[in-house]
Amino acid sequence: MTRTVTAHLFHSANGVVEDPHLWQFDAFGEEEGEAMKESLTPITDTVIGRKLWQEWSEFWLENSDDPFGQWVNPMHKHVISSTLPTELPWNSTLVTGDPVEYVRNLREQDGGAISVLGGIETIRSLFLAGLIDTLTLTTHPVVVGQGRRLFDESTPTTRLQLLDAVRTSQGNMMLTYGLRKED
């Protein structure tokens, strides 16, 4: 049985996904929190980039009483990095070799759902390789002057299938996509 792989990013109206903590804070309400909680419940493993792993491992170990800390601390983390040592703390394993092949193999192992938490290039490459089943973009009603986008000019034309759409009272659109299957 193949495990489900998901990714969820906060997204500005002009497509920026980088550093959402700098611009999404005033448009995140109870509905968004409940949706995040529901989507995180079945997850037992996460694929995470080095930068986010370093930031979170320092912060969440110190904040283990927080509900998100209680969720993320025991979870198994698969860290994509070419600079970290092979032995990692915080219930983590260094991804060696090609991340696409690693996630393809991880999907076939026993366990619950897998969430890809970053980085941007990792989510892009795994999604375009067909390894992320659902990609949720929570589009916030804000235009950000600069920042990295999930899909940039190097991304080939790729057809998506809208799987779900929710408008929240905060004015966000939570759009869930999958790759459109070719007929």
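Quick note: structure is the one above.
Residues numbered from 1 in each chain as written. Predicted model: local features only at pLDDT ≥ 70, side-chain atom pairs only at ≥ 80, totals over all residues. Heavy atoms only, no water.

### Details of the sheet that holds strand β2 (residues 43-49)
Point 1. The eight strands lie next to each other as β4-β3-β2-β5-β1-β6-β8-β7, forming an open sheet whose pairing is mixed. Of all the strands in the sheet, just β4 (92-95) and β7 (160-167) have a single pairing partner and so form its edges. Adjacent strand axes in the sheet meet at a mean angle of 25 degrees when their direction is disregarded.
Point 2. With four bridges joining them, strand β3 (residues 76-80) and β4 adopt parallel strand pairing. The residue of β4 that forms the bridge with V79 is L94. (Pairing = 2+ DSSP bridges. Helix = DSSP H or I, 4+ residues; strand = E, 2+ residues; numbered from the N terminus. Axes fitted to C-alpha atoms, helices over the stretch in contact; angles between N-to-C directions.)

### Brief notes about the packing of aromatic side chains
Point 1. If you walk through the whole model with that rule in mind, you get six aromatic pairs.
Point 2. Considering the side-chain rings of W53 and W90, the 6.4 Å spacing of their centres and the 55 degrees angle between planes classify their relative orientation as tilted. Here W90 lies in the loop between β3 and β4 and W53 lies in helix α2 (residues 50-62), a separation of 37 residues in the sequence.
Point 3. Given a relative accessible area of 5%, W53 falls into the buried group.
Point 4. Taking the centre distance of 5.2 Å and the plane angle of 80 degrees together, the rings of W56 and F68 count as edge-to-face. In this pair, W56 sits in helix α2 while F68 sits in helix α3 (residues 67-72), placing the two residues 12 residues apart along the sequence.
Point 5. Judged by its relative accessible area of 23%, F68 falls in the partly exposed class.
Point 6. The rings of W56, F59, W60, F68 and W71 are connected pair by pair, giving a single aromatic cluster.
Point 7. The ring of W90 carries the charged tip of K77 above its face, separated from the ring centre by 4.3 Å. (Phe/Tyr/Trp six-rings, centres within 6.5 Å; stacked < 30°, edge-to-face > 60°. Buried < 20%, exposed > 50% of the residue type's maximum accessible area, 1.4 Å probe, protein only. Lys NZ or Arg CZ within 6 Å of the ring centre and 35° of its normal.)

### Examining the pattern of salt bridges
Point 1. For the structure on display, the rule yields five salt bridges.
Point 2. The closest approach of N and O atoms between R3 and D45, which form a salt bridge, is 2.4 Å. Of this pair, R3 sits in the segment before β1 (5-12) while D45 sits in strand β2; the two residues are 42 residues apart in sequence, bridging distant segments of the chain.
Point 3. Among the residues examined, D45 registers a relative accessible area of 10% and is labelled buried.
Point 4. In this structure, E121 and R148 form a salt bridge, with 2.5 Å as the shortest nitrogen-oxygen distance. Here R148 lies in the loop between β6 (134-140) and β7 and E121 lies in helix α5 (residues 120-128), a separation of 27 residues in the sequence.
Point 5. E121 gets classed as partly exposed once you look at its relative accessible area, which sits at 45%. (Salt bridge = Lys/Arg side-chain N within 4 Å of Asp/Glu carboxyl O.)

### Concerning the environment of D66
Point 1. Looking at the element boundaries, D66 is found in the loop between α2 and α3.
Point 2. Sequence spacing of D66 and T158 is 92 residues, and the spatial spacing of their C-alpha atoms is 38 Å.

### A few points about unusual backbone geometry
Point 1. Here the residue pair G118 and G119 is connected by a cis peptide bond, since its omega of 0 degrees sits within 30 degrees of zero.
Point 2. With respect to the helices and strands, the residue G119 is situated in the loop between β5 (113-116) and α5.
Point 3. A positive phi is found at W90, a non-glycine position, where the angle reads about 65 degrees.
Point 4. Owing to a relative accessible area of 8%, W90 belongs among the buried residues under this scheme.
Point 5. Located in the positive-phi region is N91, a residue other than glycine, with phi close to 55 degrees.
Point 6. In this fold, N91 is placed in the loop between β3 and β4.

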